[in-house]
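Geometric and topological summary
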Amino acid sequence: MDGMDGVLSQEEISALLNEDTGMGAAGGADDLGELTPDEIDAIGEISNISMGTAATTLFSLVNRKVDISTPVVSFATWDDIVEAYERPCVFIRIAYTVGLDGSNLLVLKEHDVKIITDLMMGGDGTNLEGELGELHLSAISEAMNQMMGSAATSLSSMLNKMIDISPPSADLVDLKDTLNGEEVDEFLAGRFVKISFKMEIGDLINSEIMQLYPFSFAKEMCSSVAQNMEADTSTSSSADTSPAPAPQPEPQPAPQPMAAPQMQQPMAGQQPMMGMPMMGMPMGDMSQMYAQQPVNVQPAQFQPFAGDFNPITQQENIGLIMDVPLDVTVELGRTSKSIHDILEFAPGTIIELNKIAGEPIDVLVNGKYVAKGEVVVLEESFGVRITEIINN
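Attention now moves to the overall build of the protein. Within the protein, the secondary structure is distributed over 9 helices and 12 strands. Sorting the 392 residues of the protein into buried and exposed places 34% on the buried side. Accessible area for the protein stands at about 25,100 Å²; split by element, carbon and sulfur atoms hold 54% of it.

Counting through the fold element by element, His136 comes out in helix H5 (residues 134-159). Judged by its relative accessible area of 17%, His136 falls in the buried class. The spatial distance from the C-alpha of His136 to the C-alpha of Lys114 is 6.7 Å, given a sequence separation of 22 residues. Those residues in contact with His136 that lie beyond four places of it in its chain are Val113, Lys114, Thr117 and Glu131.

Here we come to the nonpolar core. By size, the foremost hydrophobic cluster in this structure holds 59 residues, and its most contacted members are Leu58, Val62, Ile92, Ile116, Ile140, Leu155 and Ile201. The dominant element in this core, judged by the number of residues it contributes, is H5, at 12 residues. Excluding its chain neighbours within four sequence positions, the residues that come into contact with Leu155 are Ile46, Ser50, Tyr96, Leu100, Ile163 and Met221. Counting residues in each nonpolar core, the second largest holds 15 residues, with Ile81, Tyr85, Phe91 and Phe192 among its members.

It is worth spelling out the sheet that holds strand E12 (residues 381-389) at this point. Strands pair in a sheet through their backbones, by hydrogen bonds, and they do so in one of two ways: parallel or antiparallel. One open sheet accounts for 4 strands, arranged E9-E10-E11-E12; its pairing is antiparallel. With partners counted over all chains shown, the strands left at the sheet margins are strand E9 (328-331) and E12, one partner each. Neighbour-to-neighbour, the strand axes of this sheet turn through a mean angle of 40 degrees, independent of strand direction. Pairing analysis gives 5 bridges linking strand E10 (residues 361-365) to strand E11 (residues 368-378), with the strands arranged antiparallel. Its bridge partner lying in E11, Asp362 is registered against Lys372.

Okay, the pairing of strand E4 (residues 102-109) next. With 6 of its 8 residues buried, E4 lies for the most part within the structure. In the sheet, strand E3 (residues 89-98) pairs with E4 via 8 bridges, with the strands oriented antiparallel. By the bridge assignment for E4, Tyr96 is matched with Gly102. Remark: 3 residues form the turn of the hairpin made by E3 and E4, two consecutive strands paired antiparallel; Gly99 in that turn has positive phi of roughly 90 degrees.

Where helix H2 (residues 37-62) contacts H5, the two axes come as close as 8 Å, and the packing angle between them is 140 degrees. Relative to H5, H2 is oriented oblique. Where H2 crosses over H5, the handedness of that crossing is right-handed. Contacts from Glu45, Ile46, Ile49, Ser50, Thr53, Ala54, Thr57, Leu58 and Leu61 in H2 reach Ala143, Gln146, Met147, Ser150, Ala151, Ser154, Leu155 and Met158 in H5. When its residues are assigned to classes, the contact of H2 with H5 shows 10 nonpolar, 6 polar and 1 charged.

Looking now at the packing of H2 against helix H4 (residues 110-120). At their nearest, the axes of H2 and H4 sit 8 Å apart, and the two run at 55 degrees to each other. As judged from the angle between their axes, H2 and H4 are oblique. Two secondary-structure elements touch here, H2 through Leu58, Leu61 and Val62 and H4 through Ile116, Leu119 and Met120.

Moving on, we come to unusual backbone geometry. Unlike most non-glycine residues, Asn63 shows phi in positive territory, near 55 degrees. Here Asn63 shows up in the loop between H2 and strand E1 (66-68). Relative accessible area serves as the criterion here: at 14%, Asn63 is assigned to the buried category. Here Asn366, not a glycine, exhibits a phi torsion of approximately 55 degrees, which is positive. Within the secondary structure, Asn366 is located in the loop between E10 and E11.

So, how was this worked out
- Residues numbered from 1 in each chain as written.
- Predicted model: local features only at pLDDT ≥ 70, side-chain atom pairs only at ≥ 80, totals over all residues.
- Heavy atoms only, no water.
- Helix = DSSP H or I, 4+ residues; strand = E, 2+ residues; numbered from the N terminus.
- Buried < 20%, exposed > 50% of the residue type's maximum accessible area, 1.4 Å probe, protein only.
- Areas by Shrake-Rupley, 256 points an atom, 1.4 Å probe, with all protein chains shown as cover.
- Contact = heavy atoms within 4.5 Å.
- Core = buried A, V, L, I, M, F, W, Y, C linked by side-chain atoms within 4.5 Å.
- Pairing = 2+ DSSP bridges.
- Axes fitted to C-alpha atoms, helices over the stretch in contact; angles between N-to-C directions.
- Parallel < 35°, antiparallel > 145°, perpendicular 65-115°, else oblique.
- Left-handed = near helix turned anticlockwise from the far one by under 90°.
- Nonpolar A, V, L, I, M, F, W, Y, C, P; charged D, E, K, R; others polar.

Right, dumping it as structure tokens:
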């Protein structure tokens, strides 16, 4: 057992079940705090298919190659998560509303969330300055909504029933300050199922992500898989035992009189028809005839590679985050003052700025300089008329 993440191999899990519950590997576990080896395999297979679909969706959002490794299923406690993840993490709660009753948590590192959200907004994944804010949480929630929605569709096909989720919610959690996992979700107070994945996005991310399941939710998914398999088996058995229809004799066609072959000579100046040997023509003459036919040979032409950029895909990616709110700031000017000058501020104090009267003001979006404008009055409110767009 690895002390950092509590990962157990299949042999260790079987031994643990034998010691704690007195059951063999083929036995069942009625306690919600344990899973049988067959249930662990089922959970791993479900997660593998679901996250494979989610990785395809994430690729369409970030326009980068996404690789997610085979999942590793283990048991864990809140202390195991704290030891494995020292940095602040983003906990994304996915609640199932149709088909399954329960929820699970997806855990991403703060650094990874910044890269993913920057890629979603058309960046190159290197704009990581500043703290993780509401903009990042809103964008990663939308990404998880798309990813886990597609995963739910795959799960629906696997379980043969409708599966749907509610919009995910994301929270930044400092594991060192959160002493009790129950503050994040109730099932984190005890032991739970941890599913670990290695996620790679181009050359920007090579990290570990986790899914955390309560035992009751994991058992419900395993039960649904077992019921679906039993239904498929019974359907297959009934199809095998049904009597095969007796073969019907095929009607014999009436014999037709054979027509005598007619000799057809090519007209003057006409090429012999290709694909059929001429009646009465020797094989040597036929080979000479085929050899004399002209063959049109042209070099192969290929479309030039245009790189990874696809403007249509880029427009679709932007469309997914059109509803994400951004902070727009209008800056009239700036100046620097000493602490002594600031302490002398009083009502009526005039502060001189670094811009002259009539000079365009700056327009910033999320702290980034994007445009220049001039102040206007709209009824009783101030406004800004954009006069110039800044191309960074």
